[in-house]
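Below, each chain spelled out in residue letters.
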Protein chains: 2
Amino acid sequence: MADQSGPTLTRIQQKNRDLILEGALSAFSTNGFRGATVDQIAEAAGLSKPNVLYYFPTKDEIHKTLLTTLLDMWLAPMMRIDPKGEPLAEVMAYVRAKLEMSRRFPRESRLFAYEILQGAPHLTEILGGSLRGIVDTAAAILQNWMDQGRLARVDPHHLIFSIWALTQHYADFDVQVRAVLGPGHDPFVEAEPFIDNLYRKMLSV
Amino acid sequence: MADQSGPTLTRIQQKNRDLILEGALSAFSTNGFRGATVDQIAEAAGLSKPNVLYYFPTKDEIHKTLLTTLLDMWLAPMMRIDPKGEPLAEVMAYVRAKLEMSRRFPRESRLFAYEILQGAPHLTEILGGSLRGIVDTAAAILQNWMDQGRLARVDPHHLIFSIWALTQHYADFDVQVRAVLGPGHDPFVEAEPFIDNLYRKMLSV
DNA sequence: TCCTTTATTGACCAATTGGTCAGGAACAGG
DNA sequence: CCTGTTCCTGACCAATTGGTCAATAAAGGA
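Calculation notes
Residues numbered from 1 in each chain as written. Chains lettered and ligands numbered in written order. Predicted model: local features only at pLDDT ≥ 70, side-chain atom pairs only at ≥ 80, totals over all residues. Heavy atoms only, no water. Near = heavy atom within 4 Å. Polar contact = N/O pair within 3.5 Å; in protein donor to acceptor, adjacent residues only side chain to side chain. Helix = DSSP H or I, 4+ residues; strand = E, 2+ residues; numbered from the N terminus. Axes fitted to C-alpha atoms, helices over the stretch in contact; angles between N-to-C directions. Parallel < 35°, antiparallel > 145°, perpendicular 65-115°, else oblique. Left-handed = near helix turned anticlockwise from the far one by under 90°. Contact = heavy atoms within 4.5 Å. Nonpolar A, V, L, I, M, F, W, Y, C, P; charged D, E, K, R; others polar. Buried area = accessible area lost by both parts, 1.4 Å probe. Salt bridge = Lys/Arg side-chain N within 4 Å of Asp/Glu carboxyl O.

Examining the protein's contact with DNA strand C
Thought 1: Among the 17 residues in the neighbourhood of DNA strand C, the closest are listed as T10, N16, S48 and Y55 of chain A together with K59 of chain B.
Thought 2: In this structure, R34 of chain A approaches DNA strand C through a side-chain N or O atom, which is 3.2 Å from a phosphate oxygen.
Thought 3: At a separation of 3.2 Å, a phosphate oxygen of DNA strand C approaches a polar side-chain atom of N51 of chain A.
Thought 4: For the surface near DNA strand C, the secondary structure elements donating two or more residues are helix 1 (11-35) and helix 3 (49-55) of chain A together with helix 3 (49-55) of chain B.

Here you go:
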């Protein structure tokens, strides 16, 4: 999906671009696009500001590169839904994978959350384009299973939305969840059986 | 919860403060705290920038006032859960109220979303304080119903989180939802039966 | 080693932006 | 009317910040 090709990079370029993207991920996911400064990114990357701008022409470009680079990884689990698999097991595997991504990659989750909240200025064409296609494909598989009576009948698109909402909530609203639960809780550990049970009850025929 | 008292305001003060808060709600919910400028707020309010700063000493103060003012309204539905009511009906009423709030007040939803994403710099004490208390109260009611066998047994706190996640998703990620569904869909109209069915299936004994 | 290419940076610039201030306009109440 | 208070604004300031640039340092290949 994202263009992974391009001119070959020197070792130094590869390393520094990676450092910058890593630092930018931290900065953007903490403060949003406007809130993050190039200086912050530079410091997080261990480089000077002009050096950052040497590898990426603009702050905007860093942001766009991050988004498009990470989008594939973010959507990968949905594309692994196997039409030949056992319906409920496939859905549960997707749900579990998505929750695991929230747990392991909360910065990425927040990065996308900011972008969508903002109105997705850098992702509009992708949202209505390839993302929509991927979702439609998954929805068609689900719909098929429902038509065969192997899964309870619900709106497949909203089923997918619900999985996104439930799992990403634990990454995006982490501070709220932890504040409400108080110390001594691991939100993700507790969330898994809850969400598991939820989809089992809703989707079992 | 929020301090609604204070010195009496002249008619003109009342009107202009309202204009400013209304403009600020639009600005902050669209661009986040850092992204919104005092000029934007002033223009949205139909006032000059110095005049805005005449009514509120700082941009920060406007933001804090907005959050605390709106928090009560935002949490109100949860406090209307009636321990003497019919369990499933009470939960469903709460879910429906929350979805309706997402539909009617998406700006407020986004305002809170930005704040929590940011790490809730203005709400930390509230999150772990009164909010936690309110949630615990509601959770206790739910737990009680479950102990009486009038509601399926699930983690009550995560049940509440799931309601927040599912309903606010349609306000906060509106552009994504609409982009994926394509034109000719009303997300909220479709979401209601889906979510309704979800909680009915999960919570019926 | 030499020389071309690539990396790096301190100093700087222009635009944005939160906030100030002195003074004027509108508006009470007497 | 007059007068004190409230309301409003143009002009301005200092800090922040995205981005530039000339000059220097480091690689790297022949």
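Section: the packing of helix 4 (residues 59-79) of chain A against helix 7 (residues 124-147) of chain A
Residue and element names in this part refer to chain A.
Thought 1: Across the interface, helix 4 lies against helix 7 with an axial gap of 10 Å and an inter-helix angle of 15 degrees. Classified by the angle their axes make, helix 4 and helix 7 are roughly parallel. Helix 7 is crossed by helix 4, and the crossing has right-handed handedness. Contact with helix 4, carried on its side by T68, L71, L75, M78 and M79, involves I126, L131, I134, V135 and A138 of helix 7 and no other residues of that element.

A word on the protein's contact with DNA strand D
Thought 1: Neighbouring residues of DNA strand D: 18 residues in total, closest K59 of chain A together with T10, Q13, N16 and Y55 of chain B.
Thought 2: A share of 64% is what sugar and phosphate atoms reach among the atoms of DNA strand D within 4 Å of the protein.
Thought 3: R11 of chain A has a polar side-chain atom sitting 3.4 Å from a phosphate oxygen of DNA strand D.
Thought 4: Between a phosphate oxygen of DNA strand D and a side-chain N or O atom of R34 of chain B, the distance comes to 3.2 Å.
Thought 5: Within the residue set of the surface near DNA strand D, elements represented by two or more residues are helix 3 of chain A together with helix 1 (11-35) and helix 3 of chain B.
Thought 6: Split into classes, the residues belonging to the surface near DNA strand D amount to seven nonpolar, seven polar and four charged.

A look at the interface of chain B and chain A
Thought 1: Facing the 50 residues of chain B at the interface are 50 residues of chain A.
Thought 2: Carbon and sulfur atoms make up 70% of the area that chain B and chain A hide from each other, which totals about 4500 Å².
Thought 3: Together, L117, H158 and V180 of chain B form the three largest contributors to the area buried by chain B at its contact with chain A, with a combined 16%.
Thought 4: For the pair chain B and chain A, the interface holds zero salt bridges.
Thought 5: Inspection of the chain B/chain A interface yields 10 residue pairs in polar contact (both at pLDDT 80 or more).
Thought 6: Counting residues per element, the ones that place at least two in the side of chain B that touches chain A are helix 1, helix 6 (106-117), helix 7 (124-147), helix 8 (156-172), helix 9 (174-181) and helix 10 (187-203) of chain B.

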